[in-house]
Amino acid sequence: MNDVAKELYLLGCNILKNESLKLHTTFKIGGKVPLFVIPKTKNIFVKTLNYLIEKRINFKIIGEGANLIINDNDLNFIVVSTEYLTNITLGNEYIFAESGVPISRLSYFAMENGLSGLEFAAGIPGSLGGALFMNAGAYNGQISDVIEEVEAYDLKEKKIILLNKKEIGFDYRKSIFQKRRYISLRAKLKLFKDKKENIEKKMKELSLKRWEKQPLEYPSAGSIFKRPKPDFYVGTTIEKLGLKGFSIGDAEISNKHAGFIINKGNATFSDVMNIIEHVKKTVKEKYGEDLEVEPEIW
Ligand SMILES: Cc1cc2nc3c(=O)[nH]c(=O)nc-3n(C[C@H](O)[C@H](O)[C@H](O)COP(=O)(O)OP(=O)(O)OC[C@H]3O[C@@H](n4cnc5c(N)ncnc54)[C@H](O)[C@@H]3O)c2cc1C
């Protein structure tokens, strides 16, 4: 691993050795990886991916770690972060943004430039790349509404490709990035002009709802389950089952929002997974629905 670290450093990456992923996820759970690699530009990011593919080194991409539940054992893969891919440029009704830009920052950037369409994202933690991966959304908006085109790296063909909206195959919390070995690099977003005050007002309203309903004072990975069908609200169901406050170790179903599991301090991976299993089993028994976990599990 020392040679790999040296070569990636010489390519232009920041290198963190034996890095705990606890420090890079909003859930504050996760074991150590041998290398945590932060390429300094988009070109260096692509060169890094190419290098890792050629050397057949196992790796994963991380944005802001807001949608991850990570095993707390030592992990045998390298993590490549999009943290420095933060360029944003403004066109007339377009924004071009690299995949490491925080989606919430993009929402405020759009507002400051009188562009509407990203208000829903004001309070969503995570990067644009993570939002594309999951088709992140809230309050009747989702990232697919504003995406026109994405530049991505095809790990299989080892080349940069352009994907139009149709090719990205967006659906509820789904996109091609979950199925194919594509890594998003940069996206073109199509917004529309509106008065800054209108946009700001809407963002404030949505942020207030989030503030009041979500347990933002604790580490979490956001909603733990996808909705199995459009009219099946998992949080409300868990609440009806009397599971609010149900806890194992330091992991607890939030009393504020039953769709969230919070980490009250030293929750472990297995505490969280055991709660998930308990909820899945109870919901299946009482409602016959199979719940699917929303965050990625590493
Ligand atoms: C308090 C809280 C509230 C939340 N509220 C919402 C909400 O309202 N709506 C919602 O949709 N989500 C919500 N989430 C979940 C999370 O914010 C989103 O899923 C977000 O899009 C994750 O982005 P990320 O950069 O953190 O992704 P990460 O957690 O870093 O990664 C998630 C997955 O995306 C992949 N990925 C990341 N970047 C790339 C890339 N460039 N190319 C290919 N794959 C990539 C990773 O490999 C991983 O598989 C919430 C989370 C928290 C903690």
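Just so it is clear, the model here is predicted, and its values are computed rather than measured.

Conventions and cut-offs
- Residues numbered from 1 in each chain as written.
- Predicted model: local features only at pLDDT ≥ 70, side-chain atom pairs only at ≥ 80, totals over all residues.
- Heavy atoms only, no water.
- Helix = DSSP H or I, 4+ residues; strand = E, 2+ residues; numbered from the N terminus.
- Rg over C-alpha atoms; globule rule 2.2 N^0.38 Å.
- Buried < 20%, exposed > 50% of the residue type's maximum accessible area, 1.4 Å probe, protein only.
- Contact = heavy atoms within 4.5 Å.
- Lys, Arg positive; Asp, Glu negative; His and termini not counted.
- Charge placed at Lys NZ, Arg CZ, Asp CG, Glu CD.
- Phe/Tyr/Trp six-rings, centres within 6.5 Å; stacked < 30°, edge-to-face > 60°.
- Lys NZ or Arg CZ within 6 Å of the ring centre and 35° of its normal.
- Domains from an automatic or database assignment.
- Buried area = accessible area lost by both parts, 1.4 Å probe.
- Salt bridge = Lys/Arg side-chain N within 4 Å of Asp/Glu carboxyl O.
- Polar contact = N/O pair within 3.5 Å; in protein donor to acceptor, adjacent residues only side chain to side chain.
- Nonpolar A, V, L, I, M, F, W, Y, C, P; charged D, E, K, R; others polar.
- Near = heavy atom within 4 Å.
- Areas by Shrake-Rupley, 256 points an atom, 1.4 Å probe, with all protein chains shown as cover.
- UniProt positions renumbered as here; feature names shortened; annotations may be inferred.

Enquirer: Break down the overall build of the protein chain for me, citing the residues and quoting the values.
Expert: Broken down by element type, the protein chain carries eight helices and 19 strands. Relative to the globule expectation of 19 Å for 298 residues, the C-alpha radius of gyration of the protein chain, 19 Å, shows essentially globular dimensions. Along the three orthogonal principal directions, the C-alpha set of the protein chain runs to about 55 × 50 × 30 Å. Counting over 298 residues, the protein chain shows a buried share of 50%. Taking contacts inside the protein chain between residues at least 6 apart in sequence as the whole, the part at least 24 apart equals 64%. Side-chain charges in the protein chain split into 45 positive and 38 negative, and the spacing between the mean points of these groups amounts to 2 Å.

Enquirer: Kindly report on the packing of aromatic side chains, identifying the contributing residues and their values.
Expert: Inspection of the entire model under this criterion finds three aromatic pairs. Arranged with centres 5.7 Å apart and planes meeting at 90 degrees, the rings of Phe 77 and Trp 298 form a pair that is edge-to-face. Here Phe 77 is found in the loop between β4 (68–69) and β5 (78–81), whereas its partner Trp 298 is found in the segment after β19 (296–297), with 221 residues between them in sequence. In this structure, Phe 77 and Trp 298 share a single accessibility class: buried. Between the aromatic rings of Phe 232 and Tyr 287, the centroid separation amounts to 5.9 Å while the plane-to-plane angle is 85 degrees, which identifies the pairing as edge-to-face. Taken together, the residues Phe 232 in the loop between β15 (220–223) and α7 (234–240) and Tyr 287 in helix α8 (residues 269–287) connect sequence positions 55 residues apart. Relative accessible area serves as the criterion here: at 36%, Tyr 287 is assigned to the partly exposed category. Positioned over the ring face of Tyr 94 is Lys 190, at 5.7 Å from the centre of the ring.

Enquirer: Could you give an account of the domain arrangement of the protein chain, with specific residues and numbers?
Expert: For the protein chain, the domain assignment lists domain 1 (2–81), domain 2 (88–198) and domain 3 (215–297). Centre-to-centre, using C-alpha coordinates, domain 2 lies 27 Å away from domain 3. Between domain 2 and domain 3, the residue contacts involve six residues of the former and four residues of the latter. Interface area for domain 2 against domain 3, summed over the two sides, is near 490 Å², with a carbon-plus-sulfur share of 51%. When residues of domain 2 are sorted by the area they lose upon contact with domain 3, Met 134, Tyr 172 and Arg 173 head the list and together hold 74% of the total. At the surface where domain 2 touches domain 3, the tally comes to one salt bridge. Across the salt bridge formed by Arg 173 and Glu 294, the nearest N and O atoms sit 3.9 Å from each other. On inspection of domain 2 and its partner domain 3, the count reaches one residue pair in polar contact (both at pLDDT 80 or more). Classifying every residue of the side of domain 2 that touches domain 3 by side-chain character gives three nonpolar, one polar and two charged.

Enquirer: Give me the lowdown on the site of the ligand, citing residues and values where you can.
Expert: As a matter of local geometry, the ligand sits amid 35 residues, with Ile 61, Gly 63, Pro 125, Ser 127 and Gly 137 nearest to it. Within the backbone of Pro 125, an N or O atom sits 2.5 Å from an oxygen atom of the ligand. Ala 131 is positioned with one of its backbone polar atoms (N or O) 3.2 Å from an oxygen atom of the ligand. In isolation the ligand exposes 980 Å². Once the protein is present, 94% of that is buried. Breaking the shell around the ligand down by element, the ones donating at least two residues are β3 (59–62), α4 (128–134), β9 (137–138), β13 (182–190) and β15. Considering each element in turn, the shell around the ligand owes the most residues, five residues, to α4. For the shell around the ligand, the per-class residue count stands at 17 nonpolar, 14 polar and four charged.

Enquirer: Which residues make up the UniProt feature "active site" (unreviewed entry) in the protein chain, and what values do they have?
Expert: Mapped onto this numbering, the UniProt entry annotates "active site" (unreviewed entry) at Arg 173, Ser 223 and Glu 294. In summary, the annotated positions, though distributed over 122 residues, converge in three dimensions, the widest C-alpha pair being only 11.5 Å. Looking at where Arg 173 falls in the secondary structure, it is placed in the loop between α5 (165–168) and β13. The exposure class assigned to Arg 173 is buried, which follows from its relative accessible area of 11%. Excluding residues that lie within four positions of it along the chain, Arg 173 makes contacts with Met 134, Asn 135, Ala 136, Gly 137, Ala 138, Gln 142, Gln 178, Lys 226 and Glu 294. Along the chain, Glu 294 falls in the loop between α8 and β19.

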